[in-house]
Amino acid sequence: MRLILLGPPGAGKGTQAGRLVERYGIVQLSTGDMLRAAVAAGTPVGLKAKDIMAAGGLVPDEVVIGIISDRIEQPDARKGFILDGFPRTVGQAEALDTLLKAKHLELDAVVELRVDESALLKRVETRVAEMLARGETPRADDNAEALAKRLHAYRDQTAPLVEYYGAHGSLRTVDGMMSIDDVTKEIQRILGGLGASGAAATA
Ligand code: AMP
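In this text, all values refer to a predicted model and were calculated from it rather than measured experimentally.

Rules used throughout
- Residues numbered from 1 in each chain as written.
- Predicted model: local features only at pLDDT ≥ 70, side-chain atom pairs only at ≥ 80, totals over all residues.
- Heavy atoms only, no water.
- Pairing = 2+ DSSP bridges.
- Helix = DSSP H or I, 4+ residues; strand = E, 2+ residues; numbered from the N terminus.
- Axes fitted to C-alpha atoms, helices over the stretch in contact; angles between N-to-C directions.
- Expected span 1.5 Å × (residues − 1).
- Buried < 20%, exposed > 50% of the residue type's maximum accessible area, 1.4 Å probe, protein only.
- Arc of directions from axis to C-beta.
- Near = heavy atom within 4 Å.
- Polar contact = N/O pair within 3.5 Å; in protein donor to acceptor, adjacent residues only side chain to side chain.
- Areas by Shrake-Rupley, 256 points an atom, 1.4 Å probe, with all protein chains shown as cover.
- Nonpolar A, V, L, I, M, F, W, Y, C, P; charged D, E, K, R; others polar.

(A) Local environment of the sheet that holds strand β1 (residues 2-6). Across the sheet, five strands lie side by side as β2-β3-β1-β4-β5; this open sheet has parallel pairing. A single partner strand is all that each edge strand has here, and the edge strands are β2 (27-30) and β5 (171-175). On average, adjacent strands in this sheet sit at an angle of 25° to one another, irrespective of strand direction. Pairing between β2 and strand β3 (residues 81-84): four bridges, direction parallel. Within β3, the residue paired with Leu29 across the bridge is Leu83.

(B) Main features of helix α5 (residues 90-102). An ideal rise of 1.5 Å per residue puts 18 Å on 13 residues; α5 measures up with 18 Å between its terminal C-alpha atoms. For α5, the complete set of buried residues consists of Gln92, Ala93, Ala95, Leu96, Leu99 and Leu100. End-on, the buried residues of α5 take up no more than an arc of 160°, which puts them together on one face. Across α5 from its buried face, at more than 90 degrees, point the exposed residues Thr98, Lys101 and Ala102.

(C) Quick peek at the site of the ligand. Near the ligand, the surroundings consist of 16 residues, among which Thr31, Arg36, Gly57, Gly85 and Gln92 are the closest. In the environment of the ligand, a nitrogen atom lies 2.9 Å from a nitrogen or oxygen atom belonging to the side chain of Gln92. Within the complex, the protein chains bury 96% of what would otherwise be the 480 Å² of accessible surface of the ligand. Among the elements that take part in the shell around the ligand, helix α2 (residues 31-41) stands out by supplying four residues, more than any other. Looking at the shell around the ligand residue by residue, the classes come out as six nonpolar, five polar and five charged.

(D) Up close: unusual backbone geometry. Of the consecutive residues Phe86 and Pro87, the connecting peptide bond is found in the cis state with omega at -5°. Tracing the sequence through the fold places Pro87 in the loop between β3 and α5. At His104, a position not held by glycine, the phi torsion is positive, near 55°. Position of His104 among the secondary structure elements: in the loop between α5 and β4 (109-114). Assessed through its relative accessible area of 72%, His104 is described here as exposed.

Here's what the structure looks like:
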């Protein structure tokens, strides 16, 4: 199964991806996580991305496309993957199409998590509080100022992907304002309708 989770920051993409990984035995490919790891390790990609990410902007397409292209090649992605936070621009979506075509692979679905913008700041604040409670360092971009820029980037550059994938017929929209469990159930219902059966279901 190959899936894209689309939605603004705080929509619940990471949470839902984590649950789908368990159920379907596929990998979560989060460009945000990969970039944060690169920043922490001080790699050339990390050095390029650090300030852009902290300010809430988008890292250049060629950087993230390179990262995803390499990652999809890894053996653990053979069974399938969930793209979380990629693509984020039409250019990235087109590059992904080309990449998948060259590998004779297809996307099974693009699931958009639709969330009221007014709820997002609260969700991000909750994530910060939870990370602090676990003794972790909150993300550099989980603050009101960077979130406003991330939302702007989403509206401006990522929201057009709803139309892009809508035109390809693979887009499904889920109400991301439901409880976490209900969102999971709804995504599983959609994937079940596509013929996907989870590891738990087939065990
Ligand atoms: P995320 O963890 O998905 O919220 O991503 C955190 C930050 O990483 C974003 O605000 C961007 O600065 C950067 N980033 C992650 N994925 C991408 C992407 N596909 N394209 C450009 N920038 C990205």
